[in-house]
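# Remarks on the overall topology
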Amino acid sequence: MGLFEDDFYSTKVSTRAAKKTAFKARRGGRGRWPHRNRRVSPVQAAVISGAVSAVVAVLLFSFITGLPSTTAVTGASHYPLRQAAGDPYDRIVQAAAKIRPAVVSIVNLKGEDGNSTEQSALGSGVIFRVSSGKAFIMTNNHVIEGSDDLDIVTVDGVRKEAKLIGKDRISDIAVLAVDDKGISTVADIGDSSKLRLGETVIAIGNPLGLGDTLTSGIVSYTNRIIPISINQDGVYDWEQHVIQTDAAINEGNSGGALVDLDGRVIGINTMKIADTGVEGLGFAIPANEVMKTVNELVEDGKITRPYLGVYTVDLNNEYAPLDETQRKELKLPDSVKDGAVVLEAHGPAKEGGLKLNDVITAFDGEPINSTLDLRRYLYDNKKIGDELKVTFYRAGKEESVTLKLTDKPEG
């Protein structure tokens, strides 16, 4: 069966019309059967075919894209067919109106007296929960890092003092709380695992102190892996899974919302690549990952991960390579090409006897080629209280020790 009713679009006499004519003929009416051999001229056929094609094309476009058609077309019956007029970008307007009240500006006062605006850092945050007289706001850890005092400014321009509930440097997520007076809107959180390449998204936040600012773009990549240096020492010691977008993200957008066309938060804007000749490379932490972190921060005030207690440098670090003298001091066999060199040992590592210049090469028999591998194995495969077999080289000799992982001490 076709998409449309055959009787409506057929250039032949319809079944209903044929029956009516036959009835008139039997009753002696003036109606008569059409001539069976009547031909349609090429010009007539072309006109009819063009009209039908136009109608079908317009209706199929609206059906497939979901966008209203504002162009009137004339069907075979010469009556205009028109879809309801409307702005194809109206969903962006509606999504922005929905999320705006839940996005706040964050002012991180870094001055000694807490009042130095020249030393203030600006960022954004998203209200994700209101309970027990408090409104909870999620943002980036780097937005609130080094804070003396924290304030938030709502979309209505109301300034409130904020309290830090918890933060996590690894995931770059932090949670603040303010009194909930005058706050009634909470962000609708979407499912970031269902994002599609090319999907339209909106970034909203406080770029350069210009609060309540909206930009739009598309999802350029749904699950980009970006290596990061947590200590900013040139050593990549973690990987961040992020959503890549070409929506404009500038300084101050960090911690703000990346939103889909239903007004649901699908990511927290976190960074951009700023370099000569680089445009449209912004990143957001997926909402599914963010919510796991913020819920734990609200409950416990921190994220608990297993702690080994080593500060290491990669044996093969292209940004800070070991010189020939340093390599000789390690006395490694020629077969050892990769590993993590211990610079400091604390906690379980120190108790287990690890020390300066030990080169870690495996955990539980799994190769450890870098500090990034070391962290990834601990955080993805271990929990507090688990035992860990560490294989390492000391003065050219392979050794191993089994340690019990603990929680990282405060401070």
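Structure report, in brief. Here the structure is a predicted model, which means the values were calculated and not measured.

Once that is clear, we can look at the packing of aromatic side chains. Applying the stated criterion across every chain yields a total of three aromatic pairs. Residues Phe128 and Phe136 carry aromatic rings whose centres are separated by 6.5 Å and whose planes lie at 50 degrees to one another, so their mutual orientation is tilted. Residue Phe128 is classed as buried on the basis of its relative accessible area of 8%. When its relative accessible area of 8% is taken as the criterion, Phe136 is described as buried. When the ring of Phe363 is compared with that of Tyr377, the centres are 5.8 Å apart and the planes differ by 55 degrees; the resulting orientation is tilted. Of this pair, Phe363 sits in strand β19 (residues 359-363) while Tyr377 sits in helix α9 (residues 371-381); the two residues are 14 residues apart in sequence, bridging distant segments of the chain. Overall, Tyr377 belongs to the buried group, its relative accessible area being 14%. In this arrangement the basic side chain of Arg224 is found over the ring face of Tyr221, its NZ or CZ atom lying 3.8 Å from the centre. The cationic tip of Arg305 hangs over the ring face of Tyr379; the distance from NZ or CZ to the ring centre is 5.3 Å.

Let's shift gears to the layout of surface pockets. Looking at the largest pocket, its volume works out to about 1100 Å³. In terms of lining, the largest pocket is formed by 38 residues, of which the most central are Arg169, Ile170, Arg375, Tyr379 and Lys408. Among the elements of the structure, β7 (159-168), β16 (306-307), β17 (310-314) and α9 are those that each provide at least two residues to the lining of the largest pocket. Class assignment for the residues of the lining of the largest pocket results in 15 nonpolar, ten polar and 13 charged.

A separate point is helix α4 (residues 90-99). When α4 is considered as a whole, its buried residues turn out to be Ile92, Ala95, Ala96 and Ile99. The arc that holds every buried residue of α4, seen down its axis, measures 100 degrees, which confines them to one face. Set apart from the buried face of α4 by more than 90 degrees, the exposed residues are Gln94 and Ala97.

So, on to the side chain of Asp168. Within the element layout of this structure, Asp168 appears in strand β7. Reaching out from Asp168, the side chain makes a polar contact with the side chain of Ser171 at a distance of 2.6 Å. The residues contacting Asp168, other than those within four sequence positions of it, are Asn141, Ile173, Thr293, Ile303 and Arg305.

All right, on to the sheet that holds strand β6 (residues 149-153) then. Strand order in the closed barrel made by the six strands is β3-β4-β5-β8-β7-β6, with antiparallel pairing throughout. Taking each pair of neighbouring strands and ignoring which way they run, the sheet shows an average axis angle of 40 degrees. Bridging between strand β3 (residues 103-109) and strand β4 (residues 121-131) involves six bridges; their strand directions are antiparallel. Following the sheet pairing, Val107 is matched in β4 by Leu122. Here helix α6 (residues 287-300) sits on the sheet and contacts β4, β5 (134-139), β7 and β8 (173-179); the angle it forms with β8, its principal contact strand, is near 55 degrees.

Looking now at a nonpolar patch on the surface. Judged by side-chain polarity, Tyr311, Leu343 and Leu356 come together as a nonpolar surface patch covering roughly 270 Å² of accessible area. Looking at the secondary structure, you find Leu343 in strand β18 (residues 340-345). On the basis of relative accessibility, which here comes to 35%, the residue Leu343 falls in the partly exposed class.

Here is what the cut-offs are and how they apply
In this convention, every chain numbers its residues from 1, walking through the sequence in written order. Totals for whole chains, interfaces and linings use every residue, but because this is a predicted model, local features are given only for residues with pLDDT of at least 70 and side-chain atom pairs only at 80 or more, for both listing and counting. To get the side-chain values, take all heavy atoms of the structure and skip hydrogens and water. Stacked, tilted and edge-to-face pairs are distinguished by plane angle, under 30 degrees for stacked and over 60 for edge-to-face with tilted covering the rest, among Phe, Tyr and Trp rings (Trp via its six-membered ring) whose centres lie within 6.5 Å. Type-normalised accessible area, obtained with a 1.4 Å probe on protein chains alone, sets the label of each residue: buried when under 20%, exposed when over 50%, and partly exposed for intermediate values. Strands are runs of DSSP state E lasting at least two residues, helices are runs of H or I lasting at least four, and both sets are numbered from the N terminus onward. Here, a charge over a ring means that NZ of Lys or CZ of Arg falls within 6 Å of the ring centre while also lying within 35 degrees of the ring normal. The rule is simple: put a 1 Å grid over the protein atoms alone, call a set of points where a 1.4 Å probe fits but cannot get out a cavity, call an open set with protein on both sides within 12 Å along at least five of seven lines a pocket, and count a residue as lining if it has an atom within 4 Å of a point. Grid points are joined across faces, edges and corners, and a volume is the space filled by probe spheres set on the points. Three categories are distinguished: nonpolar for Ala, Val, Leu, Ile, Met, Phe, Trp, Tyr, Cys and Pro, charged for Asp, Glu, Lys and Arg, and polar for the others, with Gly belonging to the last. Directions are taken from the helix axis to each C-beta atom, and the arc is the one they span. Under this definition, polar contacts are N or O atom pairs within 3.5 Å; protein pairs additionally need one hydrogen-donor-capable and one acceptor-capable atom, and for neighbouring residues in sequence, both atoms have to be side-chain atoms. The contact definition used throughout considers only heavy atoms, calling two residues in contact when any of these lie within 4.5 Å. By the convention used here, strands pair only if DSSP detects at least 2 bridges between them. The angle between two axes is taken between their N-to-C directions and runs from 0 to 180 degrees, where each axis is a line fitted to C-alpha atoms and a helix contributes only its stretch in contact. Patch membership needs two things, relative accessible area over 30% and no salt bridge, and members are linked within 9 Å if like-charged or within 5 Å if nonpolar (Val, Leu, Ile, Met, Phe, Trp, Tyr). Accessibility throughout is a Shrake-Rupley quantity obtained with a 1.4 Å probe, and a residue counts as covered only by protein chains that appear here. Should a side-chain nitrogen of Lys or Arg be within 4 Å of a carboxyl oxygen of Asp or Glu, the pair is scored as a salt bridge.

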